[in-house]
Amino acid sequence: MRTSVPSLALAVFLILSSAGAAAAEPLAFKPGDTLEEIRYKIDYNGYSFTVGHNRIFDMTPAEKAAFFARRFPRAPRSRAVSDDLGPLARQLGRTALPSSFDWRSYNGHSYIGAVRDQGDCGSCYSFGACGAAEGTYNFANGLYGSNCIDFSESYIIWCLGRLSQYEEHFYGCNGADWDYMELEALTRQGIILESAFPYRESDTGSCTHWSDHTYAFQSWHRITCNDTNAIKTAIMTYGPVDASVDVDTGFEAYDSGVYQNTSTTCPPDPEIGSECYHTYTNHAISLVGWDDSPPEGGAAF
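So, a few notes on the structure that sits alongside this text. (Residues numbered from 1 in each chain as written. Predicted model: local features only at pLDDT ≥ 70, side-chain atom pairs only at ≥ 80, totals over all residues. Heavy atoms only, no water.)

### Some words on the overall build of the chain
So, step 1. Broken down by element type, the chain carries 7 helices and 10 strands.
So, step 2. Considering the chain as a whole, with its 301 residues, one finds that 49% of them fall into the buried category.
So, step 3. Taking contacts inside the chain between residues at least 6 apart in sequence as the whole, the part at least 24 apart equals 78%. (Helix = DSSP H or I, 4+ residues; strand = E, 2+ residues; numbered from the N terminus. Buried < 20%, exposed > 50% of the residue type's maximum accessible area, 1.4 Å probe, protein only. Contact = heavy atoms within 4.5 Å.)

Structure representation (structure tokens):
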């Protein structure tokens, strides 16, 4: 049995721009930075977040390469309907954007579940997709708090990823490419509940959930590169958006405060072409809101 969601759209963008006050010539975080070097750069750049040892920062280079597993598409797909703004185009500029917005606390309710842990599996793509799908579905259906829906990351990883049209784009703990075909799968095949297929980091060998009840979305759409207002409008209008960031050592070692990074320009990869959607990123996330002037300092965009 399949539940169709005719009025929803998933929004996605590729580069999270985090801008804040910084030194005139900021020092970039680089691979191999020690904590002392990161702290020096934070102080030099005028950032306010703190860093420390954690599971991610202390991974070996090989472990990090497997964990941060977004990659070039083997054969970039042709432009499709999802590459336009879709219904979002009609919403731009219609409503004034507030200085802050948060789906974790909207009209006194949370429309998104708790932060999840992908473990040691390169499956961030499934969490980014599920976060956007859950928030979109919950808002459209008035579900919040304990009534929030919870979709199965494992279904994306171990079922949808086995299908021939997707396996080159995403599968298991091997990560996903920049074409966001995991979102395409949510519109074609749909997704099942977490309770039906709880999260697993190990290969199941086969998928036994093809007959489970699925929830299918009408469409997904990309947001124009570097259009912060469009990103905010999509979040406020439809729900959390699936996004991708380039995690550096400062991000890996994050401990507390508002993460800041003035390195916000990432040129497209020359091997792929000039398309800005193929700018290098390595980790998928869900954006649930923004704050232009957070009390901790810095800024969300």
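After that view of the structure, there is still more to cover.
### Some details on the packing of aromatic side chains
So, step 1. A full pass over the atoms with the stated rule returns 30 aromatic pairs.
So, step 2. Seen from their ring centres, Tyr125 and Phe170 are 5.6 Å apart, and the 45 degrees between their planes marks the pair as tilted. Of this pair, Tyr125 sits in helix H3 (residues 124–141) while Phe170 is found in the loop between helix H4 (153–159) and strand S5 (176–177), placing the two residues 45 residues apart along the sequence. Summarising the burial analysis for this pair, Tyr125 and Phe170 share the class buried.
So, step 3. Measuring from centroid to centroid gives 6.0 Å for Tyr155 and Trp210, while their planes differ by 65 degrees, and the two rings are edge-to-face. Residue Tyr155 is located in helix H4, and its partner Trp210 is located in the loop between helix H5 (181–188) and strand S6 (214–222); the two are separated by 55 residues in the primary sequence.
So, step 4. Among the aromatic residues, ring-to-ring pairing joins Phe101, Trp103, Tyr106, Tyr111, Phe139, Tyr144 and Trp290 into one connected group.
So, step 5. The ring of Tyr180 carries Arg70 above its face, with NZ or CZ at 4.5 Å from the centroid. (Phe/Tyr/Trp six-rings, centres within 6.5 Å; stacked < 30°, edge-to-face > 60°. Lys NZ or Arg CZ within 6 Å of the ring centre and 35° of its normal.)

### Structural notes on the state of the cysteines
So, step 1. A full pass over the atoms with the stated rule returns 2 disulfides.
So, step 2. Here Cys121 pairs with Cys173 through a disulfide, and the sulfurs are 2.0 Å apart. The disulfide joining Cys121 to Cys173 has a torsion of about -105 degrees about its S-S bond and is therefore left-handed. On the criterion of sequence distance, the pair formed by Cys121 in the loop between strand S4 (100–102) and H3 and Cys173 in the loop between H4 and S5 is long-range, its members being 52 residues apart.
So, step 3. Note on Cys173: relative accessible area 25%, which makes it partly exposed.
So, step 4. Residue pairing for Cys159: its cysteine sulfur links by disulfide to Cys207, the two sulfurs lying 1.9 Å apart. Between Cys159 and Cys207 the sulfur-sulfur dihedral comes to about 85 degrees; the bridge is accordingly right-handed. Here the residue Cys159 occupies a position in helix H4, and Cys207 occupies one in the loop between H5 and S6, the gap between them amounting to 48 residues.
So, step 5. Cys124 carries a free sulfur, and the closest cysteine sulfur to it, the one in Cys121, is 9.2 Å from it. (Disulfide = S-S within 2.5 Å.)

### Quick look at the pattern of salt bridges
Charged atoms that come close allow side chains of opposite charge to pair.
So, step 1. A full pass over the atoms with the stated rule returns 12 salt bridges.
So, step 2. The residue Asp117 makes a salt bridge to Arg55 at a minimum N-O spacing of 3.2 Å. Residue Asp117 is located in the loop between S4 and H3, and its partner Arg55 is located in the loop between strand S2 (50–51) and helix H2 (61–67); the two are separated by 62 residues in the primary sequence.
So, step 3. What makes Arg55 partly exposed here is its relative accessible area of 40%.
So, step 4. Through salt bridges with shared partners, one network takes in Arg116, Asp150, Glu153 and Glu194. (Salt bridge = Lys/Arg side-chain N within 4 Å of Asp/Glu carboxyl O.)

### Some details on the environment of Asn147
So, step 1. Relative to the helices and strands, Asn147 is located in the loop between H3 and H4.
So, step 2. Along the primary structure Asn147 and Gly113 are separated by 34 residues, whereas in three dimensions their C-alpha atoms are 9.7 Å apart.

### Here we look at the environment of Tyr144
So, step 1. Its place among the elements puts Tyr144 in the loop between H3 and H4.
So, step 2. Along the primary structure Tyr144 and Ile112 are separated by 32 residues, whereas in three dimensions their C-alpha atoms are 7.3 Å apart.
So, step 3. Discounting residues that sit within four places of it in the chain, Tyr144 has contacts with His109, Ser110 and Tyr111.

### A short note on the pairing of strand S9 (residues 283–287)
So, step 1. For S9, a buried count of 4 out of 5 residues is recorded, marking the element as mostly surrounded by other parts of the structure.
So, step 2. Pairing geometry for strand S7 (residues 241–245) and S9, over 5 bridges, is antiparallel. Bridge assignment links Val245 to a residue of S9, and that residue is His283. (Pairing = 2+ DSSP bridges.)

Honestly, it's all geometry; don't read function into it.
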